[in-house]
Amino acid sequence: MKITPTDLGLAARVVHVSKSFGIGQGAVVALSDVSIGIRRGQFTAIMGPSGSGKSTLMHIMAGLDTPTSGEAWLGDTQITALDDTALTRLRRRRIGFVFQSFNLVPTLSARDNILLPFELDGRTPTADEQGWINTLCDTLRITDRLTHRPHELSGGQQQRVAIARALATRPDLVFADEPTGNLDSRTGREVLALLAEACSKFGQSIAMVTHDPVAASYADRVLILADGKVVHELGPSTPEQISGYMLAMDRAS
Ligand SMILES: Nc1ncnc2c1ncn2[C@@H]1O[C@H](COP(=O)(O)OP(=O)(O)OP(=O)(O)O)[C@@H](O)[C@H]1O
């Protein structure tokens with residue numbers, strides 16, 4: 001795949017990215033010459049067997065780790081060229097994160113957790129941003145829970161607060177790492193439907209790492225990694241189609 005830095009329509013991309021851990025005989029190649037783009041306004045799932053390089057790819061795209069070679073871009077910013085201070089600022093302003101373990105601050109109310117990205121940036125939301133946060137809270141059905149602390153909320157409610165926090169600054173890209181891993185299947189499906197809606201209704205770009213074919217079936221596009229390479233790409237697919245493909249891949253290896 002040829003991806004140029006001027007490629008519009010991409011929220012983020014990596015170009016010829018390789019990543020090795022360690023040196024010499026003991027070196028592990030986690031990513032091998034990967035070039036992919038995450039399309040704007042789309043829900044992209046990244047799947048693959050354990051150890052295939054999913055987390056490494058996500059960390060490089062989010063500027064949490066550096067590649068051994070190649071480039072990572074967020075929009076028109078080459079993040080592999082930024083120093084630590086600029087990277088921290090970029091992550092705070094232009095990237096949102098949703099984790100399996102929710103990662104809310106236990107001493108803060110749901111509202112203050114959602115406002116944390118603004119607080120860390122040393123500012124309060126503008127009237128327009130506050131309007132967006134209100135819309136998010138209504139859509140995520142947490143408006144009547146905003147004064148509660150995380151331990152007073154169910155797992156599904158905590159994850160919906162985490163999604164509101166990730167989307168509050170209208171980031172260029174939201175990374176979701178197994179966002180339904182700690183939720184029961186019904187609550188998990190609800191969270192996935194909300195993530196899909198954030199893309200289809202609000203134009204958010206989301207990249208989600210998952211092992212779960214049901215989770216990936218909510219995505220517009222599924223990238224499949226094996227041994228540090230992108231080996232396949234699926235369009236919108238059913239869980240059965242995705243698990244069928246993963247099984248066939250297992251048998252072939
Ligand atoms: N800090 C590290 N030091 C050494 N090796 C590492 C490090 N991080 C990852 N690796 C190796 O790189 C490869 C890819 O790891 P990665 O965590 O990206 O895989 P993954 O697809 O996310 O796996 P999982 O689904 O199990 O989380 C693995 O072989 C892993 O052992």
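Computed from a predicted structure; not experimentally measured. (Residues numbered from 1 in each chain as written. Predicted model: local features only at pLDDT ≥ 70, side-chain atom pairs only at ≥ 80, totals over all residues. Heavy atoms only, no water.)

**Observations regarding the packing of helix α3 (residues 110-120) against helix α5 (residues 155-167)**
Next, step 1: Relative orientation of the contacting elements α3 and α5 amounts to 30°, with a least axis distance of 7 Å. Comparing the axis directions of α3 and α5 gives the class roughly parallel. As for the relative orientation of α3 and α5, their crossing is right-handed in sense. Residues Ala110, Asn113, Ile114, Leu116 and Pro117 of α3 form the contact with α5, whose own contacting residues are Val161, Ala164 and Arg165.
Next, step 2: Here the contact of α3 with α5 is composed, by residue class, of six nonpolar, one polar and one charged. (Axes fitted to C-alpha atoms, helices over the stretch in contact; angles between N-to-C directions. Helix = DSSP H or I, 4+ residues; strand = E, 2+ residues; numbered from the N terminus. Parallel < 35°, antiparallel > 145°, perpendicular 65-115°, else oblique. Left-handed = near helix turned anticlockwise from the far one by under 90°. Contact = heavy atoms within 4.5 Å. Nonpolar A, V, L, I, M, F, W, Y, C, P; charged D, E, K, R; others polar.)

**Observations concerning the packing of helix α4 (residues 127-139) against helix α6 (residues 185-202)**
Next, step 1: The contact between α4 and α6 brings their axes to 12 Å, and the two run at 135°. Of the possible angle classes, the one that applies to α4 and α6 is oblique. The handedness of the crossing between α4 and α6 is right-handed. Of α6, the residues touching α4 (which contributes Trp132, Thr135 and Thr139) are Leu194, Glu197 and Phe202.
Next, step 2: For the contact of α4 with α6, the class distribution of residues is three nonpolar, two polar and one charged.

**Focus on the UniProt feature "domain: ABC transporter" (unreviewed entry) in the protein chain**
Next, step 1: Here, UniProt's "domain: ABC transporter" (unreviewed entry) annotation points to residues 12-252.
Next, step 2: End C-alpha to end C-alpha, residues 12-252 measures 31 Å, and it is 38% helix and 25% strand. (UniProt positions renumbered as here; feature names shortened; annotations may be inferred.)

**Here's the deal with the confidence of the model for the protein chain**
Next, step 1: Looking at the protein chain, the pLDDT average stands at 93 and 97% of residues meet or exceed 70.
Next, step 2: The ipTM, which scores confidence in the relative placement of chains, is 0.97 for this predicted complex, and the corresponding pTM is 0.91. (pLDDT = per-residue confidence, 0-100.)

**As for the site of the ligand**
Next, step 1: In the vicinity of the ligand, the contacting residues are Phe21, Val28, Ala30, Pro49, Ser50, Gly51, Ser52, Gly53, Lys54, Ser55, Thr56 and His211.
Next, step 2: Burial of the ligand by the protein amounts to 58% of the accessible area it has alone, namely 640 Å².
Next, step 3: Of all the secondary structure elements, the ones that give two or more residues to the shell around the ligand are β2 (28-39) and α1 (54-61).
Next, step 4: Among the elements that line the shell around the ligand, the one with the most residues is α1, at three residues.
Next, step 5: Of the residues belonging to the shell around the ligand, the class tally is four nonpolar, seven polar and one charged. (Near = heavy atom within 4 Å. Areas by Shrake-Rupley, 256 points an atom, 1.4 Å probe, with all protein chains shown as cover.)

**Here we look at the pattern of salt bridges**
Next, step 1: Going through the model one piece at a time under the given rule, you end up with 13 salt bridges.
Next, step 2: Of the charged contacts, one joins lysine 19 and aspartate 65 as a salt bridge, the two residues approaching to 3.3 Å between their closest N and O atoms. Here lysine 19 is found in strand β1 (residues 10-21), whereas its partner aspartate 65 is found in the loop between α1 and β4 (69-74), with 46 residues between them in sequence.
Next, step 3: The salt bridge involving glutamate 233 is made with arginine 221; its shortest N-O contact spans 2.8 Å. Of the two residues, glutamate 233 is situated in strand β10 (residues 229-234) and arginine 221 in strand β9 (residues 221-226); the sequence distance between them amounts to twelve residues.
Next, step 4: Residue glutamate 233 is classed as partly exposed on the basis of its relative accessible area, which comes to 34%.
Next, step 5: One salt-bridge network, in which partners are shared between bridges, spans Arg93, Asp121, Arg123 and Glu129. (Salt bridge = Lys/Arg side-chain N within 4 Å of Asp/Glu carboxyl O. Buried < 20%, exposed > 50% of the residue type's maximum accessible area, 1.4 Å probe, protein only.)

**Remarks on unusual backbone geometry**
Next, step 1: One non-glycine residue with positive phi stands out, namely aspartate 33, at about 55°.
Next, step 2: Structurally, the position occupied by aspartate 33 is in strand β2.
Next, step 3: On the accessibility criterion, aspartate 33 (46% relative accessible area) is partly exposed.
Next, step 4: One non-glycine residue, glutamate 178, lies in positive phi territory at about 45°.

**Some words on the nonpolar core**
Nonpolar side chains tend toward joint burial in soluble globular proteins.
Next, step 1: Ranked by internal contacts, the top residues of the largest apolar core, which has 46 residues, are Phe43, Ile114 and Val222.
Next, step 2: Sequence-distant contacts of isoleucine 114, defined by excluding residues within four places in its chain, comprise Ile133, Cys137, Ile142, Leu146, Val161, Ala164, Arg165 and Ala168.
Next, step 3: Core analysis: the second largest hydrophobic core is formed by 27 residues, Met58, Ala62, Phe175 and Leu223 among them. (Core = buried A, V, L, I, M, F, W, Y, C linked by side-chain atoms within 4.5 Å.)

**Side note on α6**
Next, step 1: Taking 1.5 Å per residue, 18 residues should reach 26 Å; α6 reaches 25 Å between its end C-alpha atoms and fits that length.
Next, step 2: Taken residue by residue, α6 has Thr187, Gly188, Val191, Leu192, Leu194, Leu195, Ala196, Ala198 and Cys199 as its buried positions.
Next, step 3: Among the structural elements, β3 (43-47), α4, α5, β8 (206-209) and α7 (213-216) are those in contact with the buried residues of α6.
Next, step 4: Measuring from the side-chain oxygen of the N-cap residue of α6 to the backbone nitrogen of arginine 186 gives 3.1 Å; that N-cap residue is aspartate 184.
Next, step 5: Looking at the residues trailing α6, positive phi occurs at glycine 203, about 75°. (Expected span 1.5 Å × (residues − 1). Polar contact = N/O pair within 3.5 Å; in protein donor to acceptor, adjacent residues only side chain to side chain.)

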